[in-house]
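The residues making up each chain are set out below.
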Protein chains: 2
Amino acid sequence: MQTITLAHGAGGSKSRQLIEEVFLPRFTNIELLKLSDGAFLPLDSGPHVFTTDTHVIEPIFFSGGDIGKLAVCGTVNDLVVCGARPLWMSCGFILEEGFNISELERIADSMASAADAADVKIVTGDTKVVGPGQADKVYINTSALGQVIAGYQTKILQAADKLIVTGPVGQHGSAVFNDREKLLDNSNLISDCASLDWMLPIIDRFADSIKIMRDPTRGGLAVILNELIVGSSCGVEVIENALPVTAATQSLCELVGFDPFYLPCEGRAVIITAADGAEDLLAALRSCAAGRESAVIGSLLADARNRVSVATTLGGSRILPATAEFMLPRIC
Amino acid sequence: MQTITLAHGAGGSKSRQLIEEVFLPRFTNIELLKLSDGAFLPLDSGPHVFTTDTHVIEPIFFSGGDIGKLAVCGTVNDLVVCGARPLWMSCGFILEEGFNISELERIADSMASAADAADVKIVTGDTKVVGPGQADKVYINTSALGQVIAGYQTKILQAADKLIVTGPVGQHGSAVFNDREKLLDNSNLISDCASLDWMLPIIDRFADSIKIMRDPTRGGLAVILNELIVGSSCGVEVIENALPVTAATQSLCELVGFDPFYLPCEGRAVIITAADGAEDLLAALRSCAAGRESAVIGSLLADARNRVSVATTLGGSRILPATAEFMLPRIC
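Reading the values: rules and limits
Residues numbered from 1 in each chain as written. Chains lettered and ligands numbered in written order. Predicted model: local features only at pLDDT ≥ 70, side-chain atom pairs only at ≥ 80, totals over all residues. Heavy atoms only, no water. Helix = DSSP H or I, 4+ residues; strand = E, 2+ residues; numbered from the N terminus. Rg over C-alpha atoms; globule rule 2.2 N^0.38 Å. Contact = heavy atoms within 4.5 Å. Areas by Shrake-Rupley, 256 points an atom, 1.4 Å probe, with all protein chains shown as cover. Lys, Arg positive; Asp, Glu negative; His and termini not counted. Charge placed at Lys NZ, Arg CZ, Asp CG, Glu CD. Axes fitted to C-alpha atoms, helices over the stretch in contact; angles between N-to-C directions. Parallel < 35°, antiparallel > 145°, perpendicular 65-115°, else oblique. Left-handed = near helix turned anticlockwise from the far one by under 90°. Nonpolar A, V, L, I, M, F, W, Y, C, P; charged D, E, K, R; others polar. Pairing = 2+ DSSP bridges. Buried < 20%, exposed > 50% of the residue type's maximum accessible area, 1.4 Å probe, protein only. Arc of directions from axis to C-beta. Domains from an automatic or database assignment. Buried area = accessible area lost by both parts, 1.4 Å probe. Salt bridge = Lys/Arg side-chain N within 4 Å of Asp/Glu carboxyl O. Polar contact = N/O pair within 3.5 Å; in protein donor to acceptor, adjacent residues only side chain to side chain. Phe/Tyr/Trp six-rings, centres within 6.5 Å; stacked < 30°, edge-to-face > 60°. Lys NZ or Arg CZ within 6 Å of the ring centre and 35° of its normal. Least-squares fit on C-alpha atoms with pLDDT ≥ 70 in both. pLDDT = per-residue confidence, 0-100.

**Some points on the overall build of chain A**
Line of reasoning, step 1. Helix and strand counts for chain A stand at nine helices and 14 strands.
Line of reasoning, step 2. Whereas a compact globule of 332 residues would reach a radius of gyration of roughly 20 Å, chain A reaches 19 Å, a difference of no more than 12%.
Line of reasoning, step 3. If you line up chain A on its principal axes, its C-alpha atoms span 55 × 55 × 50 Å.
Line of reasoning, step 4. In chain A, the share of contacts with a sequence separation of at least 24, taken over all contacts with a separation of at least 6, comes to 82%.
Line of reasoning, step 5. Accessible surface, chain A as shown: approximately 12000 Å² in total, 50% of it carbon and sulfur.
Line of reasoning, step 6. Positive and negative side-chain charges of chain A, numbering 25 and 39 respectively, have mean locations separated by a distance of 3 Å.

Quick look at the structure:
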């Protein structure tokens with residue numbers, strides 16, 4: 001009998017397999033089949049996006065955030081990368097018996113701050129309590145509804161389209177891993193956990209040239225790029241030395257053998273945009289404090305096999321498979 | 001330091017306290033402050049309702065249903081009792097490492113059947129995996145959006161309003177308790193777990209006379225009635241021998257000392273309606289197979305103290321407090 005493994009929750013090929021073999025055959029509808037970060041709802045008042053995410057991160061308080069901030073920002077970001085302005089959010093808590101209410105209060109404070117900052121309202125909620133050993137402290141589901149920015153829609157990818165990332169990658173994965181394993185003291189490993197709502201005016205302005213966006217969470221940039229180009233006629237070539245990575249993340253990767261391409265982010269977006277206008281979009285992103293380290297990191301090329309490759313600093317090329325299972329359980 | 005107890009998840013006064021002391025002061029907005037089963041969203045295309053519920057029931061397969069059916073029906077019912085037609089649903093799974101995929105498939109089958117039956121689409125989802133002992137098999141969050149039936153809104157409660165319940169109460173609580181404790185073999189204790197979407201045409205027809213509806217889940221009829229009349233100028237008097245209770249539920253209650261007023265339902269609605277037209281509404285409910293055991297079980301009376309009382313079969317009267325903590329953890 002097949003059983004669930006941690007890889008089924010890692011965001012890579014096993015997660016995909018679970019979705020394709022268990023859920024898709026049963027929950028068939030066109031909204032779900034798009035397998036986007038959210039579902040597009042054709043409301044009379046214009047297209048909206050509906051999204052859900054359950055947060056089980058460990059530890060619940062980490063460098064740069066906590067499970068409350070993550071729960072709000074993670075779901076806000078799923079809406080933003082669908083081109084939608086977050087409006088309303090629900091939260092569902094699972095609490096372990098014995099959990100400190102003072103910690104729950106800190107988490108609720110973080111959620112309130114993050115929701116205020118992103119201008120989303122937490123309008124409905126639910127709380128369940130389970131016994132000791134039936135959860136690990138607290139899990140939080142957030143679901144949300146947003147309205148798609150007028151004129152924005154995903155577009156067909158083409159060779160020469162540009163690939164932009166809005167800041168250094170892998171900070172969330174490296175910070176949480178370091179908090180857990182206590183490898184480096186006083187490090188600069190701080191999660192990038194943050195809301196991407198600052199991008200909304202830019203998405204509005206560049207709605208005609210932005211083709212698709214995603215936030216590279218579980219599986220990191222490598223897995224998300226593979227997902228983005230499936231079904232297109234393109235591959236992606238990333239220029240390794242164009243990729244923004246902090247020195248702290250780079251050090252940790254060298255220490256433990258991680259590949260920053262597979263490390264999750266929680267406050268970055270990947271944007272594929274028409275080549276024409278890419279420089280203006282980059283300038284607009286960099287003019288915002290939260291996007292000042294945005295960079296064009298590569299481009300699309302004609303490739304029916306949809307490969308994601310890296311032009312390495314040393315002049316070589318390597319493929320980034322979607323199948324790599326980078327095992328950081330409970331990272332979000 | 002205060003810690004979370006099972007009572008915080010039981011739906012009674014401790015749950016209320018957690019919401020009022022931890023969440024409401026932080027997530028302040030008019031939609032949330034209504035503390036309804038869902039939040040009313042003022043979309044341009046008309047009022048919608050947004051709701052969320054996390055399901056942690058144990059056992060995951062029970063007489064009359066499973067966690068998948070419950071997760072869909074529970075959230076559908078929260079929309080229906082807000083007067084909304086369910087449209088779109090999200091699902092977020094937390095899976096324990098080692099959980100059987102064949103059981104997950106059975107659960108997904110149940111979700112698909114229940115969603116089809118209630119004409120709601122599961123359009124987006126999320127799956128997380130945690131280690132052994134960090135969850136108990138599977139937990140499911142469902143959130144959903146529905147459109148309010150034109151013309152329906154909650155109304156001010158008045159003395160002489162009638163109280164209707166759409167079928168026998170307490171079947172879910174008694175069936176799951178019996179499955180767990182294995183008290184009675186071959187009993188007729190079967191959960192009432194079902195969707196209330198059959199009520200939608202009736203809500204449409206009686207939109208002018210229905211004042212408010214709720215589904216009596218955690219805390220049962222007693223806790224829900226107390227919640228419904230808070231803030232009104234009324235009390236509720238329930239006629240004990242008008243209350244539909246199956247012989248099987250009654251037997252279990254007598255065996256273990258449960259009070260059917262506090263046993264959760266998962267397929268019943270409580271309706272407060274204007275006295276004028278109550279008989280027509282009752283007839284309409286009884287004309288549906290799912291509502292054929294509907295009954296008028298009492299009425300409202302002027303009472304500034306908002307008491308819920310029962311006129312007992314023996315001619316006495318007893319108060320049903322909201323403070324009673326009926327401890328059936330993980331019942332939904």
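**Comments concerning the packing of helix α5 (residues 171-181) of chain B against helix α8 (residues 247-256) of chain B**
All names here are of chain B.
Line of reasoning, step 1. It is the contact of α5 with α8, at a shortest axis distance of 10 Å, that shows an interaxial angle of 60°. Compared by their axis directions, α5 and α8 come out oblique. Considering only the axes of α5 and α8, their crossing is left-handed. Counting all contacts with α5, which are made through Gln 171, Ser 174, Phe 177 and Asn 178, the residues of α8 involved are Thr 249, Leu 252 and Val 256.
Line of reasoning, step 2. The class makeup of the residues in the contact of α5 with α8 is three nonpolar, four polar and no charged.

**What about the sheet that holds strand β10 (residues 234-239) of chain A?**
All names here are of chain A.
Line of reasoning, step 1. In space, the seven strands of this open sheet follow the order β9-β11-β8-β12-β10-β13-β14, with mixed pairing throughout. Lying at the two open borders of the sheet, with one neighbouring strand each, are β9 (210-214) and β14 (317-319). This sheet shows a mean twist of 25° between the axes of neighbouring strands, independent of strand direction.
Line of reasoning, step 2. In this sheet, strand β12 (residues 295-302) lies alongside β10 in antiparallel orientation, the contact comprising five bridges. Counterpart to Glu 237 in the pairing with β12 is Ser 299.
Line of reasoning, step 3. Where helix α7 (residues 220-229) meets the sheet, its contacts fall on β8 (162-165), β9, β10, β11 (270-273), β12 and β13 (308-311), and the angle it forms with β10 comes to roughly 155°.

**Re helix α8 (residues 247-256) of chain A**
Residues and elements named next belong to chain A.
Line of reasoning, step 1. Among all positions of α8, only Ala 248, Thr 249, Leu 252 and Cys 253 are buried. All buried residues of α8 project into a common sector of 135° when viewed along the axis, lining one side. For α8, exposure combined with an orientation more than 90 degrees from the buried face picks out Ala 247, Glu 254 and Leu 255.
Line of reasoning, step 2. Against α5 (171-181) lie the buried residues of α8.
Line of reasoning, step 3. Backbone geometry just after α8 places Gly 257 at a positive phi near 80°.

**With respect to helix α9 (residues 278-286) of chain A**
Residue and element names in this part refer to chain A.
Line of reasoning, step 1. Within the span of α9, buried status applies to Ala 278, Leu 281, Leu 282, Ala 284 and Leu 285. Each buried residue of α9 lies within a common arc of 160° when the element is viewed along its axis, so the set occupies one face.
Line of reasoning, step 2. Looking at the buried positions of α9, the neighbouring elements they touch are β8, α6 (200-205), β9, β11 and β12.

**Considering the domain arrangement of chain A**
Residues and elements named next belong to chain A.
Line of reasoning, step 1. Partitioning chain A into domains gives domain 1 (39-148) and domain 2 (162-319).
Line of reasoning, step 2. The centre of domain 1, based on its C-alpha atoms, is set 23 Å off from the matching centre of domain 2.
Line of reasoning, step 3. Each side of the interface is counted separately: domain 1 has 21 residues, and domain 2 has 22 residues.
Line of reasoning, step 4. Of all residues in domain 1, Ser 63, Asn 77 and Val 81 bury the most surface against domain 2, accounting for 31% of the area lost on that side.
Line of reasoning, step 5. Measuring nitrogen to oxygen at the nearest pair gives 3.3 Å for the salt bridge that ties Arg 180 to Glu 58.

**What about the side chain of B:Lys128?**
Line of reasoning, step 1. Along the chain, the position of B:Lys128 falls in strand β6 (residues 121-130).
Line of reasoning, step 2. A polar atom in the side chain of B:Lys128 sits 3.0 Å from the side chain of A:Asp53.
Line of reasoning, step 3. Among the polar contacts listed, one links the side chain of B:Lys128 to the backbone oxygen of A:Thr54, at a separation of 2.8 Å.
Line of reasoning, step 4. In this view, B:Lys128 contacts A:Asp53, A:Thr54, A:Val56, A:Arg218, A:Cys332, B:Phe93, B:Ile94 and B:Leu95; residues no more than four positions away in its chain are not counted.

**Remarks on unusual backbone geometry**
Residues and elements named next belong to chain A.
Line of reasoning, step 1. With an omega dihedral of 0°, the bond running from Glu 58 to Pro 59 counts as a cis peptide bond.
Line of reasoning, step 2. Tracing the chain through its elements places Pro 59 in the loop between β2 (46-55) and β3 (61-62).
Line of reasoning, step 3. Located in the positive-phi region is Asp 119, a residue other than glycine, with phi close to 60°.
Line of reasoning, step 4. You can see Asp 119 is positioned in the loop between α4 (101-118) and β6 (121-130).

**Brief notes about the packing of aromatic side chains**
Line of reasoning, step 1. This structure, assessed with the given rule, holds seven aromatic pairs over all chains.
Line of reasoning, step 2. On the numbers, 5.9 Å between centres and 20° between planes, the contact of B:Phe23 with B:Phe27 is stacked. This pair shows no difference in class: B:Phe23 is buried, exactly as B:Phe27 is.
Line of reasoning, step 3. Through a chain of ring-to-ring contacts, the aromatic side chains of A:Phe23, A:Phe27 and B:Phe93 assemble into a single cluster.
Line of reasoning, step 4. Stacked on the ring of A:Phe61, the Lys or Arg A:Arg106 has its end atom at 3.7 Å from the ring centre.

**Focus on the relation of the copies chain A and chain B**
Line of reasoning, step 1. Superposition record for chain A on chain B: RMSD 0.0 Å, screw rotation 180°, translation along axis 0.0 Å. One copy is carried onto the other by what is essentially a two-fold rotation axis. Residue A:Ala135, judged by its C-alpha, is the member of chain A lying nearest the rotation axis, at 2.2 Å.
Line of reasoning, step 2. A share of 100% of interface residues in chain A that are also interface residues in chain B marks the association as one of identical surfaces.

**So, the confidence of the model for chain A**
Line of reasoning, step 1. Scored by pLDDT, chain A comes out at a mean of 94, with 98% of its residues at no less than 70.
Line of reasoning, step 2. Confidence estimates for the predicted assembly give a pTM of 0.96 and an ipTM of 0.96.

**Comments concerning the pairing of strand β11 (residues 270-273) of chain B**
All names here are of chain B.
Line of reasoning, step 1. Side chains of β11 alternate between two faces, with Val 270 and Ile 272 and Ile 271 and Thr 273 buried alike.
Line of reasoning, step 2. For strand β9 (residues 210-214) and β11, the ladder comprises four bridges, and the chain directions are antiparallel. What sits directly across from Ile 210, in β11, is Thr 273.

**Observations regarding the pattern of salt bridges**
Line of reasoning, step 1. For the coordinates displayed, the defined rule picks out 26 salt bridges over all chains.
Line of reasoning, step 2. Its salt-bridge partner being A:Arg318, residue A:Glu240 comes within 3.7 Å of it at the nearest N-O pair. One end of the pair, A:Glu240, is in the loop between β10 and α8; the other, A:Arg318, is in strand β14, with 78 residues separating them in the sequence.
Line of reasoning, step 3. Looking at A:Arg318, the relative accessible area reads 29%, which means it is partly exposed.
Line of reasoning, step 4. As a salt-bridge pair, B:Arg330 and B:Asp136 come within 2.9 Å of each other at their nearest N and O atoms. Highlighted residues: B:Arg330 in the segment after β14 (317-319) and B:Asp136 in the loop between β6 and β7 (138-148), separated in sequence by 194 residues. One exposure class covers both B:Arg330 and B:Asp136, and it is buried.
Line of reasoning, step 5. Each member of the salt-bridge network shares a partner with another, and the members are A:Asp53, A:Arg218, B:Asp126 and B:Lys128.

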